[in-house]
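# Structural overview for review
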Amino acid sequence: MDRRSLIKNAGIAGVLATGIAPAVHAQAAVRWRLASSFPKSLPTIFGSAEKFSETVKALSGGKFEVSIHAAGEIVPAFGVVDAIQDSTIEMAQTASYYFTGKDSIFAFGCAVPFGLTARHMDAWMEHGNGRKLMDEFYAKYNILSMSSGNTGTQMGGWYRKEIKTVADLKGLKMRMGGGLFGESMAKLGVVAQNMPAGEVYQALEKGTLDATEFVGPFDDERLGFNKVAPFYHYPGWWEGGAELEFFINKKAFDALSAENKAIVRAAGAVAARDMTAKYDAQNPIALKRLVASGTKLVAFPKAVMDAGFKTAMEVFAEHEAKSPEFKKIHQDMRAFQRDQILWSRFSEWRYDSYITSAKI
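Only a predicted model underlies this, so the values are computations on that prediction, with no experimental measurement involved.

## Focus on unusual backbone geometry
With omega at -5 degrees, the peptide bond leading from Tyr-234 into Pro-235 counts as cis. Tracing the backbone shows Pro-235 in the loop between strand E9 (231–234) and strand E10 (243–249). A positive phi is found at Ser-87, a non-glycine position, where the angle reads about 65 degrees. Along the chain, Ser-87 turns up in the loop between helix H3 (80–85) and strand E3 (91–94). Among the residues examined, Ser-87 registers a relative accessible area of 41% and is labelled partly exposed. Residues other than glycine seldom take positive phi values, yet Phe-114 does so here, at roughly 55 degrees. On the secondary structure map, Phe-114 appears in the loop between E3 and helix H4 (118–127).

Next up, the structure:
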């Protein structure tokens, strides 16, 4: 088998196992730019973009290169969708719910309150209707999407004061990813603020913020949130499995050869798997460090979770009443979720329930 056909016939695992970089014969060199919404200080999320770039270069024999740029280097963290639309960049890496100010449907590409877990999200996107529905929506913005990885279920955030009752949320100034979660929390009296991760520490330190949510122990420790907010609540019911995405300029993708398109998709799969695995490996170690340094782990009271669920369902109903497209995607996701919950009851959740109480 020649190198040119290797990608199509061997698959990404086979290509990487051989150690051979399949050459792109008789093709002009391709140079793309990818702007991330995240800082270089996060080797999990930003590292996924770097892994994507490395893999594209390796699979193309150096004929296809993607330069990676942290938030603010080319465009602001929240300016990547506009930059894709006007073809300033060929790719972006971001959390789609940052852009619910444009349309609330963006949230479904990342996470919604009481939504899908990482495995369920992957299944809905790749073997349900998720990717098809979202790419139909993204087409309005000249975007084609791929997973950049999933954080898994996130923590519930850092708080200067412990949340003991629903009343404790009233007037709380909190940084959050935005979108449907922000609307749900606003109904509970929270003043939602959306800001890039790199600006949060200073806002907490100055008291401009009372709380923040970001991801989980590994990322949060690197950003120093434990130094300015001692209470670490869990779980993050608004991000049961937050999917980060690669946004690709559709016109730029369509202009690629079939081989380069396959390389982009293969590299995306490698990067996404790497990110999720990295989170699973690093989070428990970071959590132990945080607790040892004085962080107070606190579960959200059930009354707070129940209140969040109630307001979230109200927000979904309000958006469904205004947008048939929102309703279509939301109902498709929930139907898929119900089947996943059914299966998980007899598989992972039952196993997890036992193994967490066993002495290993």
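## Brief notes about the domain arrangement of the chain
Entries for the chain in the domain assignment read domain 1 (28–151 + 239–280) and domain 2 (155–236 + 294–345). Each of domain 1 and domain 2 has a C-alpha centre, and the two are 23 Å apart. Each side of the interface is counted separately: domain 1 has 34 residues, and domain 2 has 40 residues. Carbon and sulfur atoms supply 68% of the area that domain 1 and domain 2 bury against each other, a total of about 3000 Å² over both sides. Taken as a group, Phe-108, Pro-113 and Phe-114 account for 21% of the area that domain 1 buries against domain 2, more than any other trio of residues on that side. In this structure, the salt-bridge partner of Glu-325 is Lys-140, at a minimum N-O distance of 2.7 Å. Our count for the domain 1 to domain 2 interface comes out at 13 residue pairs in polar contact (both at pLDDT 80 or more). Mapped onto the side of domain 1 that touches domain 2, the elements with two or more residues apiece are H4 and helix H5 (130–138). Ranked by residue count, the leading element in the side of domain 1 that touches domain 2 is H5, at 4 residues. The class makeup of the residues in the side of domain 1 that touches domain 2 is 21 nonpolar, 10 polar and 3 charged.

About the thresholds
Residues numbered from 1 in each chain as written. Predicted model: local features only at pLDDT ≥ 70, side-chain atom pairs only at ≥ 80, totals over all residues. Heavy atoms only, no water. Helix = DSSP H or I, 4+ residues; strand = E, 2+ residues; numbered from the N terminus. Buried < 20%, exposed > 50% of the residue type's maximum accessible area, 1.4 Å probe, protein only. Domains from an automatic or database assignment. Contact = heavy atoms within 4.5 Å. Buried area = accessible area lost by both parts, 1.4 Å probe. Salt bridge = Lys/Arg side-chain N within 4 Å of Asp/Glu carboxyl O. Polar contact = N/O pair within 3.5 Å; in protein donor to acceptor, adjacent residues only side chain to side chain. Nonpolar A, V, L, I, M, F, W, Y, C, P; charged D, E, K, R; others polar.

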